[in-house]
Amino acid sequence: MSDLLDRLRALRGDAAEAEAVPEPRAPDPAWGGVAAQLGAASVVAGNGVHLVRRARLAHGALHGRWPVGGGGLHPWLGRWASRSARAVPSRRASTPLDDDRAKVVYLDTETTGLAGGTGTYAFLVGVGTHDADGFTVEQLFLPGPEHERVYLTALSERLVGATAVVSYNGASFDLPLVRTRFAMHGLPDPLEGVPHLDLLPLARRLWRRSLPDCTLGTVEREVLGARRSARDVPGAEVPARYLAFLRSRDARPLRGVLEHNRDDIVALAAMRSRIEEMLTPEETTRTTARPQPTRDALELHGLARWLEAIGEADAALAGYLAAEDRLPDAAWDAARLLRRRRRFGEAAARWSRLAADGDARAWIELAKHREHRLGDVSGALDALEAARRCGGTRHDDLERRRARLLARAARDGG
Amino acid sequence: MDAQVPVERSRHAPDRAVAAARRRLTELGTEIVAARSLAPREGSFAPLPGDLPGPLRSALAASGIERLYLHQRAAIDAVRAGDDVLLTTGTASGKSLAYQLPILAGQLADPEATALALFPTKALAHDQADGFAALARGAGLPAGIVADYDGDTSSHRRPGIRAEARTLLTNPDMLHAAILPHHTLWRRFLSGLRWIVVDEVHVYRGVFGGHLAGVVRRLLRVARHYGADPRVIATSATLGNPVEHARTVLGRDVVHVDADAAPRGPREVLLVRPPLVDEALGLRRPALAEAASLAGRLAEDGLQVLVFAGSRQGAEEAVVQLRNRTDGVRTYRSGLLAGERRLIERELRDGVARVVVATSALELGIDVGGVDAVVIAGYPGSAAAFWQQIGRAGRRGRPGLGVLVLAGGPLDQYLARHPGHLFGAAPERALSDPDHLLLALDHLRCAAFELPIEPDERFGGYGPEEVAALGQQMRADGEAHVADGRIYWLGDRYPAEGVSLRSAGRDEVALLLDGVAIGTIDAPSARWMVHPGAVYLHDGRPHLVEELDLAQRIARLRATDDAVLTRANRETRIDPVGRPAARAVRGATVLTGEVTVTERVTGYRRLRRVTRETLGRFPLTLEPSHLRTRAYAFAPDEATVARLRRAGAWSNDANDYGPDWPRARAAALSRDGHACRVCGTKAASGTRLHVHHVVPFRAFASAREANRADNLTTLCPSCHRRAEQGVRVRSGLAAVAYAMRSLAPLRVLCDARDLGVHADPSSAVADGGPALLIYETVPGGVGLTDELARRHEELVEAALELVAGCGCDDGCPACVGPAGEPGHAGKREAIAVLDALTGSEA
């Protein structure tokens with residue numbers, strides 16, 4: 001066979017024969033050494049081994065400024081999560097999502113690459129769950145792809161019966177990957193039909209305008225107030241470290257990866273409780289330091305938009321009203337909802353304020369309001385003129401309205 | 001322009017066509033070197049299979065199909081009997097029905113049976129999908145079971161297609177990079193896979209063929225994992241070795257159906273050669289212009305004509321010429337949007353389109369149908385392509401006319417001397433080597449990504465032991481983990497990403513006119529076709545390129561009415577990666593190894609369209625394109641170079657450089673401080689300084705342009721001599737490069753596109769000495785150049801035969817080509833080099 005490889009090297013123009021990669025040291029059959037390096041326990045099943053590491057936080061423990069929370073999901077979060085489950089009736093949650101007995105599972109993975117697809121492995125899966133006394137993070141570690149079947153079986157046991165799964169960007173990455181791994185082995189998919197709460201889109205709605213980015217690290221640092229140890233491993237290095245481990249069977253370089261993964265799970269739980277605080281009426285009672293007003297308004301506005309998207313129009317309106325003094329966009333949205341509820345006077349008040357600041361669209365709304373609600377055609381024409389002077393609207397649009405109003409005035413006034 | 005002559009549909013059109021053609025050719029002074037009459041053929045029919053499901057039979061009847069051609073019936077029977085089938089009947093012989101019918105029949109009986117159809121282009125897949133879906137609908141099958149799926153499919157449609165489609169029409173690239181690496185999402189589809197259709201399988205030869213074989217192997221492997229064992233249905237143009245080719249790229253022994261039973265009217269095929277314009281230079285009128293002239297005249301005579309122009313730019317230029325003569329001229333090419341293609345097809349049917357200009361047969365949709373006359377500008381590269389194009393001549397079994405206008409290149413001129421090659425001899429053999437080690441390894445890596453490789457697996461021609469050895473190599477490369485003899489992929493990215501099935505750079509640049517997309521161009525070509533300032537012909541009309549944004553992949557165009565053309569200057573540089581392997585041969589050293597080919601567009605010339613004189617030259621800054629690949633070079637040794645330098649006496653005193661020469665000369669001397677620009681020698685008594693034209697005077701149409709200050713440089717006599725010799729060396733090498741590249745495809749199993757050529761008087765690959773390089777255009781290379789290097793002696797013998805035997809004086813497109821310094825073809829230098837390399841006496 002060396003002929004074949006020599007020919008290959010020549011064709012590729014490789015330099016002199018590369019050093020052969022030594023076979024890895026055979027581990028003890030129970031992988032005790034590696035387990036000890038990672039602070040984990042090894043579990044031997046018939047045809048494979050996987051490692052489990054457990055961490056426990058007491059009820060009310062803080063991550064940064066926020067507790068890891070507990071219990072069932074707030075019904076609004078539950079509604080948002082259920083949208084993702086599609087109309088697959090097979091695995092409807094038997095327990096309503098907001099029941100304290102509901103099993104909410106937090107999920108985060110570390111993988112051998114970002115490509116996804118059938119050749120990417122999740123070599124580490126962190127699973128977080130609440131119980132009456134606290135919060136547990138269990139981390140399952142794959143000692144090698146040849147052990148994947150028992151590893152997935154163990155993972156399945158943790159996920160079965162979950163009433164909702166919470167992740168960060170899991171919709172586009174972690175969940176499809178985990179489900180692919182089950183499919184590759186022909187195992188049933190424990191996440192089929194389970195509502196999925198991906199906190200990333202929510203975080204973007206709330207904090208995109210206030211933060212440089214919405215990566216988990218940034219949100220954790222700026223919103224939750226938590227800091228990680230300096231030993232954090234850059235994401236780009238993770239796959240290479242796992243590959244190196246497979247060759248050397250030395251798991252010490254992976255310790256930082258496990259800690260990072262555990263912290264991610266805890267951060268997810270804390271983020272959820274931070275968001276749920278915003279949804280409860282008592283949101284004004286906080287133990288945090290005085291918040292900056294502008295950030296608050298942006299967050300309130302983002303939250304209100306989200307509430308509108310899930311059908312909670314009353315709560316959304318409250319949110320817009322709370323933010324409108326500091327944010328013109330919120331005033332605009334408030335006016336929109338008020339008009340929909342036929343509270344025209346209140347809507348007009350908002351438009352007037354916006355118009356006074358030179359918003360041409362607000363002038364147009366006022367024109368419509370004056371024409372249709374007040375029957376004041378000349379007032380409407382004045383508003384259109386003001387809109388024209390503000391600039392920034394389509395000329396032909398304005399002209400059409402003006403022409404129509406003039407025709408109407410002619411009809412009415414003679 | 002006169003009132004339009006209506007397009008006639010009479011039965012006598014063809015004899016009229018032939019008579020018209022002969023008359024017009026005489027008018028043009030074009031010589032007919034060969035003429036063949038192909039006899040008409042009655043159709044032979046068979047009934048529809050008796051056990052065809054009722055709904056399908058009604059759907060066929062609704063489309064006007066109540067019986068089949070014999071070959072369709074034979075193919076359908078074989079497929080339904082469970083055989084792998086290859087159908088090689090001609091153009092417009094109803095090949096699509098041969099696979100649509102058994103698939104629909106099977107799916108009506110079994111709702112879980114699925115089919116995957118591969119087409120070489122997206123446009124073909126889209127066209128076929130429409131027809132197939134219509135038939136499926138007519139047979140009562142639910143909507144959405146036939147779907148095309150490729151890069152153009154919007155992401156919100158994809159989940160639905162994965163969930164429901166039963167027939168998927170796609171292309172090998174999509175299968176390779178998008179479907180197979182995510183096969184778990186396709187489990188339903190793959191577990192029911194019963195048929196794989198491979199259309200136009202003759203296209204998959206050379207490197208492309210090797211890649212297709214790899215993709216098919218991976219597909220069959222994944223299908224097997226899900227318990228499926230599909231049959232293959234392939235269609236092909238005429239080949240010399242169809243069954244062998246199917247075995248090579250599809251891995252199956254096929255039942256071959258080739259007796260074409262579709263009716264066909266009589267066909268007349270003419271091979272014609274444009275007249276010589278300059279005997280000494282061996283220059284003929286360009287084939288493209290000739291073809292356009294003929295087509296325009298035939299359209300005036302009331303015929304509908306299809307012109308194959310061979311290249312996009314050629315098609316655009318032909319359209320300009322045709323529009324000066326007649327109405328109803330259209331271009332039809334793959335960059336068009338689907339709606340535009342449908343429009344042209346309709347216009348052809350209605351007679352509104354009188355001349356349609358296309359690039360190649362593959363770009364024609366199924367609904368183009370036939371025309372009265374087909375005019376081909378330049379031999380399309382293979383007999384298979386030639387007959388596919390001629391196959392469009394003649395409407396609905398009525399007679400047709402085909403004309404091949406031979407171009408000036410070596411292959412065309414060979415055909416002019418040996419027309420029997422096209423008519424009598426066996427068609428070419430499609431060749432490819434799917435077990436080439438580098439190709440196979442690439443696909444093995446992709447296979448490992450898709451499913452771990454089992455200890456007893458073989459891959460193509462590689463047995464389990466060899467596969468295991470390659471697995472060890474993947475492990476050494478840090479891409480795989482081996483445990484219990486199984487090979488698991490562990491790299492952090494898709495192996496498929498790094499493997500391009502075709503040429504480098506599949507990215508498309510969109511052409512925008514007033515913000516509206518009017519077409520697309522591939523990114524590498526965009527650099528020299530739509531650079532800022534380029535005049536680009538779209539649909540025959542000139543447009544000026546205002547902006548090229550490669551990052552955004554857009555080019556902004558504006559209509560213009562300049563009577564101006566532009567030609568870009570492309571600079572190529574080839575650098576070695578590592579040390580090349582060297583072998584001494586007679587007169588030179590042969591080098592092989594990996595290289596980086598950097599192509600830079602440095603500037604462009606504006607030319608007056610009619611006279612081709614240079615109006616001005618402009619610089620450009622565009623990011624270069626990089627290709628890492630393998631190359632074969634030969635570096636002539638000192639003795640050979642010395643012969644090169646001595647050959648071809650170069651006299652430059654006798655030239656008349658125009659009336660303003662004394663002033664221009666004086667200005668250059670003054671600018672250069674009366675000293676040689678290279679060595680600094682100053683004028684002194686006894687030493688007279690020369691003023692040298694950087695680009696030779698002869699290359700310009702006007703003395704004024706030639707004598708521009710930036711084209712003049714002051715040199716002392718010995719530096720001048722060296723510069724002139726440098727020109728000679730450059731031309732000589734370039735001339736040899738042209739000849740060898742033209743002949744390489746006859747010797748090596750590939751397409752001409754798979755190779756690029758570059759001559760460099762001071763090449764980094766040859767430690768600064770002169771070298772001629774032939775490199776592979778597929779990224780990474782595949783070993784073609786290593787094969788060429790092994791056959792170096794054969795190649796140079798053949799090149800010497802070609803160049804020395806050519807009747808021209810100093811070089812012509814039929815032997816050493818237009819390459820080399822403008823104004824100096826380098827034939828004598830080429831012969832000198834080749835003599836030295838073959839050991840012939842000078």
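Residues numbered from 1 in each chain as written. Chains lettered and ligands numbered in written order. Predicted model: local features only at pLDDT ≥ 70, side-chain atom pairs only at ≥ 80, totals over all residues. Heavy atoms only, no water.

Caption draft 1: Layout of the sheet that holds strand β4 (residues 85–87) of chain B. Residues and elements named next belong to chain B. Across the sheet, seven strands lie side by side as β6-β7-β5-β8-β9-β4-β10; this open sheet has parallel pairing. Strand pairing shows two members of the sheet lacking a second neighbour, β6 (146–148) and β10 (255–257), which therefore form its edges. This sheet shows a mean twist of 15° between the axes of neighbouring strands, independent of strand direction. In terms of strand pairing, strand β8 (residues 193–198) meets strand β9 (residues 231–235) through four bridges, oriented parallel. Of the residues in β9, the one forming a bridge with V198 is A234. Contacts from helix α9 (residues 206–225) reach β5 (114–118) and β8 within the one sheet, and its direction differs from that of β8 by about 170°. (Pairing = 2+ DSSP bridges. Helix = DSSP H or I, 4+ residues; strand = E, 2+ residues; numbered from the N terminus. Axes fitted to C-alpha atoms, helices over the stretch in contact; angles between N-to-C directions. Contact = heavy atoms within 4.5 Å.)

Caption draft 2: Summary view of the domain arrangement of chain A. Residue and element names in this part refer to chain A. Under the domain assignment used here, chain A contains domain 1 (2–278), domain 2 (280–341) and domain 3 (344–414). Taken together, the contacts link nine residues of domain 2 with eleven residues of domain 3. Taken over both partners, the interface formed by domain 2 and domain 3 buries close to 940 Å², and the fraction arising from carbon and sulfur atoms is 66%. Linking domain 2 with domain 3 are three salt bridges. Inspection of the region where domain 2 meets domain 3 yields two residue pairs in polar contact (both at pLDDT 80 or more). The dominant element in the side of domain 2 that touches domain 3, judged by the number of residues it contributes, is helix α12 (residues 328–340), at seven residues. Taken together, the residues of the side of domain 2 that touches domain 3 break down into seven nonpolar, no polar and two charged. (Domains from an automatic or database assignment. Buried area = accessible area lost by both parts, 1.4 Å probe. Salt bridge = Lys/Arg side-chain N within 4 Å of Asp/Glu carboxyl O. Polar contact = N/O pair within 3.5 Å; in protein donor to acceptor, adjacent residues only side chain to side chain. Nonpolar A, V, L, I, M, F, W, Y, C, P; charged D, E, K, R; others polar.)

Caption draft 3: Seen up close, the interface of chain B and chain A. Listed per partner, the contact involves 40 residues of chain B and 35 residues of chain A. Summed over the three residues of chain B that lose the most area to chain A, namely L437, R475 and L490 of chain B, the buried surface amounts to 21% of that side. Put simply, chain B and chain A have six residue pairs in polar contact (both at pLDDT 80 or more) between them. Of all elements in the fold, only α17 (437–450), α18 (464–476), β19 (480–483) and β20 (486–489) of chain B reach the threshold of two or more residues within the side of chain B that touches chain A. It is α18 of chain B that contributes the most residues to the side of chain B that touches chain A, eight residues altogether.

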